[in-house]
Protein chains: 2
Amino acid sequence: MKLPILLLSTALVTLAHAAADALPSWADSASKKAIVEFVGKVTTQGPHFVPPAERIAVFDNDGTLWAEQPLYFQALFVFDRIKALASAHPEWKEKEPFASVLRGDVKSALAGGEHALLEMTIATHAGMTTDAFEQTVREWITTARHPKTGVLYTGMVYQPMLELLAYLREHGFKPFIVSGGGVEFMRPWAERVYGIPPEQVVGSSIGLSYRLEDSKPVLVKTADAIFIDDKAGKPTGIQRQIGRRPVIAIGNSDGDFEMLEWTTSGAGPRLGMIVRHDDATREWAYDRESTIGRLSRALDEAPQRGWHVISMQHDWLVIHPPTR
Amino acid sequence: MKLPILLLSTALVTLAHAAADALPSWADSASKKAIVEFVGKVTTQGPHFVPPAERIAVFDNDGTLWAEQPLYFQALFVFDRIKALASAHPEWKEKEPFASVLRGDVKSALAGGEHALLEMTIATHAGMTTDAFEQTVREWITTARHPKTGVLYTGMVYQPMLELLAYLREHGFKPFIVSGGGVEFMRPWAERVYGIPPEQVVGSSIGLSYRLEDSKPVLVKTADAIFIDDKAGKPTGIQRQIGRRPVIAIGNSDGDFEMLEWTTSGAGPRLGMIVRHDDATREWAYDRESTIGRLSRALDEAPQRGWHVISMQHDWLVIHPPTR
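### Considering the sheet that holds strand E1 (residues 56-59) of chain A
All names here are of chain A.
So, point 1. One open sheet accounts for seven strands, arranged E4-E3-E2-E1-E5-E6-E7; its pairing is mixed. The open sheet has two edge strands with one neighbour each: strand E4 (216-227) and strand E7 (308-311). Neighbouring strand axes in the sheet, compared pairwise and without regard to direction, differ in orientation by 35 degrees on average.
So, point 2. Sheet analysis places strand E6 (residues 271-276) next to E7, joined by four bridges and oriented parallel.

What follows is the structure, encoded as structure tokens:
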């Protein structure tokens, strides 16, 4: 009977080690404590136990799992697509907001706010097959580089969040992305970078049309059926695709307010967290006045709603993965 | 070292036993052989290996996982809802197709075909919160009984398909329902009956509106954003919610044609199967002339497309679970 005892003691040591070390990039502060306590509580038999099938955790993407400055990265992808497609669209030279993008004037291009961004997104994405779009995203994400840091965009992910995703998975959680970004912009790399498979990515979308091209079926992206997975769209997207209220929701902006509200107003234990960008040295510092990732109401109401505010400056020992 | 060897040999015996016994309700015919050979091929290292993350299997529901005669069961649910809500809708006494339902005249109620069914579905589902709707479905599915057999509708599921779902899961597949039925009609019981969690159910849907009621957030079903997950809507629903082309697709009607076409035209090994209702003794026999579950084009093209036709009469030793 020596072998089983040896195996058992090894297993116990491994478990203890894993618990201590699962979140090494998180400071030993209130945020880490809240996570570890919550996970311990819902995975232990007792009054707060949550069965594995109900352990749904939803994460915003832009500003929560990866950076979002100086602009949402998909906006930079759209700008690159406008430049790539410009020769086929001579009218864009005279037509705003496309003309501003082609002149390199980002500020004017975005003067129309989210509406302008949506218009450019649809103009560059609609008409492509899903296969061609996926290929285009794959090429861009493995070659394009962040304008400030010069690293690949996938190197702009947050190391503490990668550890949190792994920690939750180890404890039987199923993490989903629930993002205002395009679902088909995220899926081609979310599995490799975050370990989140395509079916666990919820995002904004446009229509799809099924047809035959050279007698091969294709799905073509269309300019109708526009779904914006932001603000009240997030609980809608969660219900539509997941069909179960999450027990954990983590975001970083007022666009995540309703997702946090919907999640944490469910019965039983729920965890809501907000990543606060307050580290101007290692990342960016912005909240109420920012057009990207504006955080105001959710910050004000966090205490009364029991939402934990994660300080990037104080709670994260490391921001990005060491090799990228 | 005796213990490990004993464990290993037990494991091998268990594996062999499981392989032999995993599909006991399937006759040793071409259909069972096709399933076992396909699963063996894609789960064995070699040229046809499919990584676990890509082992997506999609199943139609009505007529594939459970029966669909004399009417789609959700239509019978809608009729019951019309009767339950009639006192709040005095106008239905004079208004078709509602008036026919209230008179018990199913044939006239369905004279308008799918359009009439959609109208009745929206009229009875829209305006409810998702929580209230779920509760209503749960009550109905645990109390209402099939008009011919007198058993609960969940007793009308097909035993060979329950075995197939378990067999696929054991081999690392993730089974999804992709049905023309309402996604929120299936989710409340699909996990208990099929072992398929809500996030793996793709179906038709209407809109959702997020709002506060007595300062509690709710999602209310709305009469817009109608998505019909049937015919070309099935590949669309698959792409929207799963985001990856399946490797196995199983249906039973021409409504599944595009799902089978989309699945089996992908590169690498793919398995397409059609359940043929040809057992008038133990179930029902219908195909080309049926308004419910019409099977004509998919049957004609099955041989050239390499789709396997499952004969309920010959391939299934048992139709429904023994206790129900």
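Having seen the model, we can carry on.
### Re the pairing of strand E3 (residues 201-213) of chain A
Residue and element names in this part refer to chain A.
So, point 1. Relative to E3, strand E2 (residues 174-182) runs parallel, the two being bridged by three bridges. In the strand pairing of E3, Ile 177 is matched with Val 201.
So, point 2. As judged from the eight bridges shared by E3 and E4, these two strands associate in the antiparallel manner. Its bridge partner lying in E4, Ser 209 is registered against Val 220.
So, point 3. The hairpin turn running from E3 into E4, its antiparallel successor, is two residues long, and Asp 214 in that turn takes a positive phi close to 50 degrees.

### Overview of the packing of helix H3 (residues 73-85) of chain A against helix H6 (residues 113-125) of chain A
Residue and element names in this part refer to chain A.
So, point 1. Across the interface, H3 lies against H6 with an axial gap of 9 Å and an inter-helix angle of 50 degrees. By the criterion of interaxial angle, the relationship of H3 to H6 is oblique. Crossing angle aside, the handedness with which H3 passes H6 is left-handed. Seen from H3, the contacting residues are Gln 74, Ala 75, Phe 77, Val 78, Phe 79, Arg 81, Ile 82 and Leu 85; seen from H6, they are Leu 117, Met 120, Thr 121, Thr 124 and His 125.
So, point 2. Here the contact of H3 with H6 is composed, by residue class, of eight nonpolar, four polar and one charged.

### Focus on the interface of chain B and chain A
So, point 1. Across the contact, 36 residues belong to chain B and 36 residues belong to chain A.
So, point 2. Surface buried jointly by chain B and chain A totals about 3,100 Å² across both partners, of which 53% is contributed by carbon and sulfur atoms.
So, point 3. Together, Glu 199, Tyr 210 and Arg 240 of chain B form the three largest contributors to the area buried by chain B at its contact with chain A, with a combined 21%.
So, point 4. At the surface where chain B touches chain A, the tally comes to six salt bridges.
So, point 5. The closest approach of N and O atoms between Asp 131 of chain A and Arg 245 of chain B, which form a salt bridge, is 3.7 Å.
So, point 6. At the junction of chain B and chain A, the tally comes to 23 residue pairs in polar contact (both at pLDDT 80 or more).
So, point 7. Among the elements of the structure, helix H1 (2-21), helix H7 (130-141), strand E2 (174-182), helix H9 (183-194), strand E3 (201-213), strand E4 (216-227), helix H10 (233-241) and helix H11 (257-264) of chain B are those that each provide at least two residues to the side of chain B that touches chain A.
So, point 8. Looking at which element gives the most residues to the side of chain B that touches chain A, the answer is H10 of chain B, with five residues.

Analysis parameters
- Residues numbered from 1 in each chain as written.
- Chains lettered and ligands numbered in written order.
- Predicted model: local features only at pLDDT ≥ 70, side-chain atom pairs only at ≥ 80, totals over all residues.
- Heavy atoms only, no water.
- Pairing = 2+ DSSP bridges.
- Helix = DSSP H or I, 4+ residues; strand = E, 2+ residues; numbered from the N terminus.
- Axes fitted to C-alpha atoms, helices over the stretch in contact; angles between N-to-C directions.
- Parallel < 35°, antiparallel > 145°, perpendicular 65-115°, else oblique.
- Left-handed = near helix turned anticlockwise from the far one by under 90°.
- Contact = heavy atoms within 4.5 Å.
- Nonpolar A, V, L, I, M, F, W, Y, C, P; charged D, E, K, R; others polar.
- Buried area = accessible area lost by both parts, 1.4 Å probe.
- Salt bridge = Lys/Arg side-chain N within 4 Å of Asp/Glu carboxyl O.
- Polar contact = N/O pair within 3.5 Å; in protein donor to acceptor, adjacent residues only side chain to side chain.

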